[in-house]
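Residues per chain are reported as follows:
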Amino acid sequence: MTALIAVESARRLIAEPAKPGVLAPAQAYHPTAFLDFLIPHGIQWIVEDAPAT
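Residues numbered from 1 in each chain as written. Predicted model: local features only at pLDDT ≥ 70, side-chain atom pairs only at ≥ 80, totals over all residues. Heavy atoms only, no water.

Considerations on the packing of aromatic side chains
In plain terms, the rule: To pair, rings of Phe, Tyr and Trp, with the six-membered ring standing in for Trp, must have centres within 6.5 Å; the planes then decide the type, stacked if under 30 degrees apart, edge-to-face if over 60, and tilted in the middle. For every residue, the accessible area (1.4 Å probe, protein chains only) is compared with the maximum for its type, and the residue is labelled buried under 20%, exposed over 50%, or partly exposed between those bounds.
Per the stated rule, a full pass over the model turns up one aromatic pair. For the ring pair Y29 and F34, a centre distance of 5.1 Å and an interplane angle of 35° mean the geometry is tilted. Exposure class is identical for Y29 and F34. Each is buried.

Examining the environment of D49
The criterion, for reference: Where helices and strands are cited, they refer to DSSP runs of H or I of at least four residues and of E of at least two residues respectively, numbered from the N terminus.
As for its placement among the helices and strands, D49 is situated in the segment after α3 (31–38). Separated by 25 residues in the primary sequence, D49 and A24 have C-alpha atoms spaced 22 Å apart.

Re a nonpolar patch on the surface
The following threshold applies: Grouping into patches uses exposed residues only, defined as over 30% relative accessible area, and leaves out salt-bridged ones; the cut-off is 9 Å for like charges and 5 Å for nonpolar side chains (Val, Leu, Ile, Met, Phe, Trp, Tyr). What sets the accessible areas is the Shrake-Rupley method with a 1.4 Å probe; for residues, cover comes only from the shown protein chains. A carboxyl oxygen of Asp or Glu within 4 Å of a side-chain nitrogen of Lys or Arg is what we treat as a salt bridge.
On the surface, I39, W45 and V47 cluster together into a nonpolar patch covering about 290 Å² of accessible area. I39 sits in the partly exposed class, given a relative accessible area of 44%.

Observations concerning the environment of L13
To keep it simple, the criterion reads: Throughout, a residue-residue contact means that at least one pair of heavy atoms, one from each residue, lies within 4.5 Å.
Relative to the elements of secondary structure, L13 occurs in helix α1 (residues 2–15). Residue classification places L13 among the partly exposed positions, given a relative accessible area of 37%. The spatial distance from the C-alpha of L13 to the C-alpha of A26 is 12 Å, given a sequence separation of 13 residues. Those residues in contact with L13 that sit more than four places away from it in its chain are A18, A28 and Y29.

Rendered as structure tokens:
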């Protein structure tokens, strides 16, 4: 899975270059689109609201 994530990250950065500098992955490319790409490869994700404290 790590190789798949690394290759897809590189592919996205080549297809749509990010702004220069040190960026978190979510700043370099759209996080939802990236996570959706992983679904057919057995990765599932969900966003849950944190309980109020």
